[in-house]
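Structural overview
For reference, the chains in residue letters:
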Amino acid sequence: APAPAPAAAAVPPGAAPAALEEPQLDVRIRDVSTNGTGMSSTIGQTWSPLRKGEIRSVGACSHLLLPFNRKAKDPPVVLTIRVIGECLPDAHDDRRREGRWRYHAKLGEGALGIVYRASDVTGRLKEEVAVKVSKIHRLAKQGARLRHAYILHREAQWSLQRLHHSKSSRFCPQRASLFARYLEDHTGQWAPDLDFEEERTVFEAADFVWERFRNAAATSKCSYVVMELVPGRTLHQCMGWGGGEAGLDPPLGPDEKVAMAKEMVEALDYLATFGLIHRDFRTTNIMLVGRSNGVPGRIQVIDLGHTIAAEQEQVKNRSAVVRCSWKETKVKHFDWAPVEVKGKEVVNFAFPIHAFDVYSLAVLFLQLEQGSLTQARLASIRLAGGDSVQSTDIALGIRADFLRRMLGSAVNRPRPLEVLQALEPPPKLRVVQQPLKPRAPEQKPKLPPAKNGSSTCDRGRERSRDRSRSRDHRDNGRSRQNGDRGNGVKVSGGGRARSRSQGRHRGRARKRKHSRSRGRGRRQHGRGRGSSSSSSDSSSDEGSLIVDDGYHVWSPNAVSFGSESPPSPSMYPPS
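Each value, and the rule that gives it
Residues numbered from 1 in each chain as written. Predicted model: local features only at pLDDT ≥ 70, side-chain atom pairs only at ≥ 80, totals over all residues. Heavy atoms only, no water. Phe/Tyr/Trp six-rings, centres within 6.5 Å; stacked < 30°, edge-to-face > 60°. Helix = DSSP H or I, 4+ residues; strand = E, 2+ residues; numbered from the N terminus. Buried < 20%, exposed > 50% of the residue type's maximum accessible area, 1.4 Å probe, protein only. Lys NZ or Arg CZ within 6 Å of the ring centre and 35° of its normal. Contact = heavy atoms within 4.5 Å. Axes fitted to C-alpha atoms, helices over the stretch in contact; angles between N-to-C directions. Parallel < 35°, antiparallel > 145°, perpendicular 65-115°, else oblique. Left-handed = near helix turned anticlockwise from the far one by under 90°. Nonpolar A, V, L, I, M, F, W, Y, C, P; charged D, E, K, R; others polar. Core = buried A, V, L, I, M, F, W, Y, C linked by side-chain atoms within 4.5 Å. Salt bridge = Lys/Arg side-chain N within 4 Å of Asp/Glu carboxyl O. Pairing = 2+ DSSP bridges. Arc of directions from axis to C-beta.

Time to look at the packing of aromatic side chains. One pass over the full model with this rule turns up 21 aromatic pairs. Ring plane angle 40 degrees and centroid distance 6.4 Å describe the contact between Phe-179 and Tyr-270, whose orientation is recorded as tilted. Placement of the pair is Phe-179 in the loop between α2 (173–176) and β11 (182–186) and Tyr-270 in helix α5 (residues 254–273), with a sequence separation of 91 residues. For Phe-179, a relative accessible area of 1% puts it in the buried group. Cation over ring: Arg-200 sits above Phe-196, and NZ or CZ is 6.0 Å from the ring centre. Its end group placed over the ring of Trp-336, Arg-282 keeps NZ or CZ at 4.2 Å from the ring centre.

Structure, rendered in structure tokens:
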């Protein structure tokens, strides 16, 4: 064939190759042997002979039987040829022992690149990886090749410098795992003297002319980046929209869809914390990983090609590496792009930062709910245009009015965390009926039994008398302290004037003595239970008169402070 020889990988005999898309190049084989060659597209089918001098197209995969004509005792050799791609960068050659990557299969193809599954023969990367090669024809102009290479370079740097940079203050391992990690950047050195932020201001300027850019370090024959290999299927394929491919069996349930939707919201909120807008958040760029045998899967975003920084100068930037064409046709639709970027005026996005991706998220929710791209497109048009809402215009439990906000004006679109709250089901109120317990009857406090048959009134007087005794003990200690310190003022006659506290205690003693004298009078007339008599003994001790007031303790309240000589008995009322 006139095209350069493609990279081919040998498969052990009997192994079934992976299903691949039809290649864009035509690879042919010619037999130069004398015994012929057998050819088949599938092992087990009848071998078609290829005679000497004949040429036949290989296709995506072919099996060769060598030789076709042989003796019965001679074992045949079966070779499997798979066409993987054209001009694969740094492909390993077993014969020459050159190249780093052994390519195994083509994984997918997007607008900017083609992704292949490969392994590192040098052993630096232990596991299989995904190699994304710039999708630009080798005969394109130098400026076009550089533009595509820079977009691929910027895509890798968003991961290396922002989302998966462990030393960043905004780095979160759990939320970073929602994005495929980029491992290596092989697009060349663009501005060795500038960091990534300064580099963007140069190459993303609207007046930058790529055709005039000359930098041998940035010019690469085939630019590519290396990513972690994400096993699984795209959400587009899981829903059965992959061009004839069957969807998941069993299909995604409502709870699985809601769980995936929450992870999508977390991914977009993580992007917004770094000031980034994805602009290509749709089912073909989201992988479902780890779903098997009833175990729910998780999502991973695999493409950052259209991601840009949310900066004011980027809103209407006409640079070819920033601007995207959202012009729709009857066949081509950009359902995930909001209406503000589809007008005649160049608008790359609208503030706030989350507005673009929240619109894409609403469309994706409708697609998961409706199960049809066409029905979801009609529902989004009704909700965004303010038409009458149908009963089916709901998505994953989100109400129609909230979806209308997500699809409405950019200023009024909710933040990702508000969308996360809308996905949470409302709390269910539970009415718990408990049997009423019978109320226990009130019980009056039991009084202690009376001593010696005394009445309740006598017990009250006893408690009052006990409290007075404790108070007198306390006052006795205070008076002794005041007496030791010499409180009071010297008066004529050699004594000390009573202090304020001593006068107050004296008044209390008089009241108690007066009340007892009245009680003794009643008992003498037969009004009490029994008759009692009290006697008062008076004695003088160093000029003070001690009076027995009927208590079993000596109270300092009964001490008279006056002259040093004993006062006359007429100074005190009769006991």
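To continue, consider the environment of Val-363. In this structure, Val-363 sits in helix α6 (residues 355–370). With 18 residues separating them along the chain, Val-363 and Ile-381 place their C-alpha atoms 9.9 Å apart. If near-sequence neighbours (up to four positions away) are discounted, Val-363 is found in contact with Asp-335, Ser-380 and Leu-407.

This brings us to unusual backbone geometry. What you tend to see is this: most non-glycine residues have negative phi, and most peptide bonds are trans. A cis amide bond, omega -15 degrees, links Leu-66 with the succeeding residue Pro-67. Tracing the backbone through its elements, the reader meets Pro-67 in the loop between β6 (61–66) and β7 (77–85). For the peptide bond that leads from Asp-249 to Pro-250, omega is 0 degrees, which places it in the cis range. Structurally, Pro-250 is set in the loop between α4 (235–238) and α5.

Structurally, His-278 is set in the loop between β14 (276–277) and β15 (286–289). In this structure His-278 comes out as buried when scored by relative accessible area, which is 1%. In contact with His-278, other than residues within four places in its own chain, are Leu-271, Val-301, Asp-303, Leu-304, His-306, Thr-307 and Asp-357.

Let's shift gears to the packing of α5 against helix α9 (residues 416–423). Taken N-terminus to C-terminus, the directions of α5 and α9 make an angle of 165 degrees; their axes are 9 Å apart at the nearest point. For the element pair α5 / α9, the angle class is roughly antiparallel. The crossing of α5 and α9 is left-handed. Mapping the contact onto sequence places Val-258, Ala-261, Lys-262, Val-265, Glu-266 and Asp-269 in α5 and Pro-416, Leu-417, Val-419, Leu-420 and Leu-423 in α9. Residues of the contact of α5 with α9, tallied by class, amount to eight nonpolar, no polar and three charged.

Attention now goes to the nonpolar core. Ranked by internal contacts, the top residues of the largest apolar core, which has 64 residues, are Phe-179, Met-264, Leu-361, Phe-365 and Met-406. Excluding residues that lie within four positions of it along the chain, Leu-361 makes contacts with Met-264, Val-265, Leu-268, Phe-281, Met-406 and Val-419. By size, the runner-up hydrophobic cluster in this structure holds 24 residues, among which are Phe-203, Trp-210, Ile-277 and Val-315.

The next thing to look at is the pattern of salt bridges. This model, assessed by the stated rule, comprises 29 salt bridges. Ionic pairing is found between Arg-413 and Glu-340, a salt bridge with its closest N-O pair at 2.9 Å. On the criterion of sequence distance, the pair formed by Arg-413 in the loop between α8 (400–407) and α9 and Glu-340 in the loop between β17 (308–309) and α6 is long-range, its members being 73 residues apart. For Asp-401, the salt bridge is made with Arg-399, and the minimal N-O distance between the two is 3.2 Å. Residue classification places Asp-401 among the partly exposed residues on the basis of a relative accessible area of 47%. Its relative accessible area of 54% is what places Arg-399 among the exposed residues. One salt-bridge network, held together by shared partners, links Arg-154, Arg-162, Glu-197, Arg-200, Glu-204 and Glu-311.

One open sheet holds the three strands; their spatial order is β13-β15-β16, and the pairing between them is antiparallel. Edge positions in the open sheet fall to β13 (233–234) and β16 (298–301), since each of these has one partner strand only. Sheet analysis places β15 next to β16, joined by four bridges and oriented antiparallel. Within the sheet, the bridge partner assigned to Val-289 lies in β16 and is Arg-298. Set on the sheet, α5 makes contact with β15 and β16; between it and β16 the angle comes to about 35 degrees.

Residues Phe-196, Glu-199, Arg-200 and Phe-203 constitute the buried set of helix α3 (residues 196–203). End-on, the buried residues of α3 take up no more than an arc of 105 degrees, which puts them together on one face. On the buried face of α3, the contacting elements are α1 (142–163) and β17.

On to the sheet that holds strand β10 (residues 129–134), then. Two pairing modes exist for strands in a sheet, parallel and antiparallel, and in both the strands are linked by backbone hydrogen bonds. The strand order across the open sheet built from five strands is β8-β9-β10-β12-β11, with neighbouring strands paired in antiparallel fashion. The open sheet has two edge strands with one neighbour each: β8 (101–109) and β11. For this sheet the average axis-to-axis angle between neighbouring strands, irrespective of direction, equals 25 degrees. In terms of strand pairing, β10 meets strand β12 (residues 224–228) through five bridges, oriented antiparallel. For Val-131, the partnering residue across the bridge sits in β12 and is Val-226.

Let's shift gears to the pairing of β10. The buried fraction of β10 is high, at six of six residues. Residue alternation in β10 divides its side chains into two sets, Val-129, Val-131 and Val-133 and Ala-130, Lys-132 and Ser-134, and both sets are buried. Bridging between strand β9 (residues 113–120) and β10 involves six bridges; their strand directions are antiparallel. Opposite Tyr-116, over in β10, you have Val-131 as the bridge partner.

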